[in-house]
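Observations on the model geometry
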Amino acid sequence: MHEMSIAQNLIDVLRDEMTKHRVKTLRSVRLDIGQMSAIVPDALSFCFQVITDGTELEGVKLIMDVVPLMGYCQACDKEFKIKDYTFLCPTCGGTKIDTIGGQGMSVVEMDAE
Ligand SMILES: [Zn+2]
């Protein structure tokens, strides 16, 4: 279950942020989970609970939004949502597509007390 190491990374990030902003208690954290990241929100939530049990982060709620994979067409300079893993520009039919977003995980917002 790779969510365990992802949860651990997330906790490291949260602790850094809490120290930086002198926050003692967090209520919730909003995360963007990339559609292509292979992170299962329920599994991540479960791992997070297990690791934070009995720590200062116990009870912090994870709010997760799954964000779609976006493509950028080099030919016509347009961004679009990639559907069904089709790396084809819907505007010009170009195939030189860079992917943006939809991968990995990022902390969007932290709700502190
Ligand atoms: Zn295009």
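Up top is the structure.
A short tour of the structure in this document, coming up. (Residues numbered from 1 in each chain as written. Predicted model: local features only at pLDDT ≥ 70, side-chain atom pairs only at ≥ 80, totals over all residues. Heavy atoms only, no water.)

On to the pairing of strand E3 (residues 70–73). A one-sided burial pattern is seen for E3, the buried positions being Gly 71 and Cys 73 and the unburied ones Met 70 and Tyr 72. Two strands pair when backbone bridges link them, and E3 and strand E4 (residues 79–81) are joined in this way by three bridges, in the antiparallel orientation. Within the sheet, the bridge partner assigned to Tyr 72 lies in E4 and is Glu 79. In textbook terms, the turn of a hairpin is the stretch between consecutive antiparallel strands, and for E3 and E4 this stretch comprises five residues, one of which, Asp 77, has a positive phi near 65°. (Buried < 20%, exposed > 50% of the residue type's maximum accessible area, 1.4 Å probe, protein only. Helix = DSSP H or I, 4+ residues; strand = E, 2+ residues; numbered from the N terminus. Pairing = 2+ DSSP bridges.)

With that settled, consider the coordination of the zinc ion. The expected angle between donors at a tetrahedral four-coordinate metal is 109.5 degrees. At an octahedral six-coordinate metal it is 90 or 180 degrees. Summarising the metal site, the zinc ion is bound by the protein donors Cys 73 (SG), Cys 76 (SG), Cys 89 (SG) and Cys 92 (SG), whose distances to it range over 2.2 to 2.4 Å. For the zinc ion, the four donor atoms in the first shell make angles of 106 to 117° at the metal, so the coordination geometry reads as tetrahedral. On the basis of relative accessibility, which here comes to 24%, the residue Cys 76 falls in the partly exposed class. Cys 89 sits in the buried class, given a relative accessible area of 3%. (Donors = N, O, S within 2.8 Å, 3.2 Å for Na, K, Ca; no water. Tetrahedral: all angles 85-135°; square planar, octahedral: opposite > 155°, others 65-115°.)

With that settled, consider the sheet that holds E4. Across a sheet, strands are paired by hydrogen bonds formed along the backbone, either parallel or antiparallel in direction. Strand order in the open sheet formed by three strands is E4-E3-E5, and the pairing between neighbours is antiparallel. Pairing within the sheet leaves two strands with one partner each, and these edge strands are E4 and strand E5 (97–100). Pairs of neighbouring strands in the sheet enclose a mean axial angle of 35°, with direction left out of account. (Axes fitted to C-alpha atoms, helices over the stretch in contact; angles between N-to-C directions.)

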